[in-house]
Amino acid sequence: MVILLFIVVISNSCSTSKYAASNKAYKKQTKAFAKELRKQPGAVDSAMNAGEWVGTTNFGMRKPNFVIIHHTAQNACDSTLRTFTLTRTQVSAHYVICKDGTIHHMLNDYLRAWHAGNSKWGNLTDVNSSSIGIELDNNGFESFTEPQINSLLVLLKKLKRDNNIPTANFIGHSDIAPKRKVDPNKYFPWQLLAQNGFGNWYDTTNVKVPDNFNAMQSLRIIGYDTKDSAAAIKAFKLHFVQQDSIPRISEGDKKIIYDLSKKY
Ligand SMILES: [Zn+2]
């Protein structure tokens, strides 16, 4: 009888959610972090002797200052949810947006997801610590769906407002990892996002580029890691000149870079 009851309980908990085990792991992990936050900081003098602890009354939670957008490079939303709930993959994002517009909020915005990997934007190297990662269900070679982009815009509006994220700080994975990533793909509507206040855009009407203009230096001002110049140009084009993937800067590109660089 006891065994039977046990089996019933087990099977019930399984049917509640196929992610019951990872949800449990999530709760355990956040509990450990909460314990860490409650720890009283110590006081030490210059000789490293303990002194009296004085707690300040004035503090808040650290907030994300960037949003990094990705495509999942997988064939279905369920595959991505599965990938992000398996310990061995060591990857995650705060949000996954499916093709039908469903938003899965997988991690509290205050916590650090593992989505950026080895990356750089300006002098920022620990992008995971200061950003929200958003993954869009997309195999990497197709357009993004309208419900998906609509959900993304709603989410970005909330994130921007809640965290006071600067307009310039809505960028893509390839922007911060030009040598490693082509993500999100060339169909991603960056111009539409910029029109809604998420990321910068350019207007080359009447733009006159100065004779001494240094385009690579300006790409660096925008934020690109220009150590590999061809990779940096390709990443820039994937975001701002999507119809062209040639790693060379034309006169037209110079106008775009010049106009953009004044906004950073
Ligand atoms: Zn990515």
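Look above for the structure.
Read on for an overview of the structure. (Residues numbered from 1 in each chain as written. Predicted model: local features only at pLDDT ≥ 70, side-chain atom pairs only at ≥ 80, totals over all residues. Heavy atoms only, no water.)

Okay, the overall build of the protein chain next. The helix and strand tally for the protein chain stands at 10 helices and five strands. A buried classification covers 39% of the 264 residues belonging to the protein chain. A separation threshold of at least 6 residues defines the contact pool for the protein chain, and within that pool the share at least 24 residues apart is 66%. Put simply, the protein chain has 33 plus and 22 minus side-chain charges, and the middle of one group is 5 Å from the middle of the other. (Helix = DSSP H or I, 4+ residues; strand = E, 2+ residues; numbered from the N terminus. Buried < 20%, exposed > 50% of the residue type's maximum accessible area, 1.4 Å probe, protein only. Contact = heavy atoms within 4.5 Å. Lys, Arg positive; Asp, Glu negative; His and termini not counted. Charge placed at Lys NZ, Arg CZ, Asp CG, Glu CD.)

The residue after Asp-183, namely Pro-184, is reached through a cis peptide bond having omega 0°. Within the secondary structure, Pro-184 is located in the loop between α6 (173-176) and α7 (190-195). Positioned with a positive phi, Ala-73 is a non-glycine residue whose angle comes to about 60°. Here Ala-73 is to be found in the loop between β1 (66-71) and α3 (77-83). In this structure, Asn-206 is a non-glycine residue whose phi angle is positive, near 60°. Here Asn-206 is to be found in the loop between α7 and α8 (215-222). Residue class for Asn-206 comes out exposed when judged on its relative accessible area of 78%.

Right, let's talk about the nonpolar core for a bit. Residues Ile-134 and Leu-152 are the most contacted members of the largest nonpolar core, which totals 45 residues. By residue number, the principal contributor to this core is helix α5 (residues 146-163), which donates six residues. Not counting the four nearest positions on each side in its chain, Ile-134 is found in contact with Val-67, Ile-68, Ile-69, His-70, Tyr-95, Ile-97, Leu-152, Leu-155, Leu-156 and Leu-159. Judged by nonpolar contacts, the second largest core, of six residues, contains Phe-84, Ala-93, Val-96 and Cys-98. (Core = buried A, V, L, I, M, F, W, Y, C linked by side-chain atoms within 4.5 Å.)

A complete count under the given rule lists one disulfide for this structure. Disulfide partner of Cys-77: Cys-98, at an S-S distance of 2.0 Å. Disulfide Cys-77-Cys-98: the torsion about the S-S bond is -85°, which places it as left-handed. Placement of the pair is Cys-77 in helix α3 and Cys-98 in the loop between β2 (95-97) and β3 (103-105), with a sequence separation of 21 residues. You'll find Cys-77 and Cys-98 in the same group, each marked buried. (Disulfide = S-S within 2.5 Å.)

Another aspect to go through is a nonpolar patch on the surface. A contiguous nonpolar patch, built from Leu-37, Met-61 and Tyr-110 and spanning about 350 Å² of accessible area, is present on the exposed surface. Positionally, Met-61 belongs in the loop between α2 (20-38) and β1. Looking at Met-61, the relative accessible area reads 48%, which means it is partly exposed. (Patch = residues over 30% accessible without salt bridge, like charges linked within 9 Å, V, L, I, M, F, W, Y side chains within 5 Å. Areas by Shrake-Rupley, 256 points an atom, 1.4 Å probe, with all protein chains shown as cover. Salt bridge = Lys/Arg side-chain N within 4 Å of Asp/Glu carboxyl O.)

Moving on, we get to the coordination of the zinc ion. Protein coordination at the zinc ion comes from His-70 (ND1), His-173 (ND1) and Asp-183 (OD), with a distance range of 1.9 to 2.1 Å. Overall, His-70 belongs to the buried group, its relative accessible area being 1%. On the basis of relative accessible area, Asp-183 is assigned to the buried category, the value being 6%. (Donors = N, O, S within 2.8 Å, 3.2 Å for Na, K, Ca; no water.)

As enumerated under the stated definition, the model contains 10 aromatic pairs in all. When the centroid spacing of 5.2 Å and the interplanar angle of 55° are considered together, the rings of Phe-170 and Phe-198 count as tilted. Separated by 28 residues along the polypeptide, Phe-170 in strand β5 (residues 170-172) and Phe-198 in the loop between α7 and α8 bring together distant segments of the chain. Overall, Phe-170 belongs to the buried group, its relative accessible area being 1%. Between Trp-201 and Phe-240, the ring centres sit 5.5 Å apart and the planes meet at 40°, which makes this aromatic pair tilted. In this pair, Trp-201 is assigned in the loop between α7 and α8 and Phe-240 in helix α9 (residues 229-240), connecting sequence segments 39 residues apart. Classification of Trp-201 as buried rests on a relative accessible area of 17%. Taken together, the ring pairs in this structure connect Trp-121, Trp-201, Tyr-202, Tyr-224, Phe-236 and Phe-240 into an aromatic cluster. (Phe/Tyr/Trp six-rings, centres within 6.5 Å; stacked < 30°, edge-to-face > 60°.)

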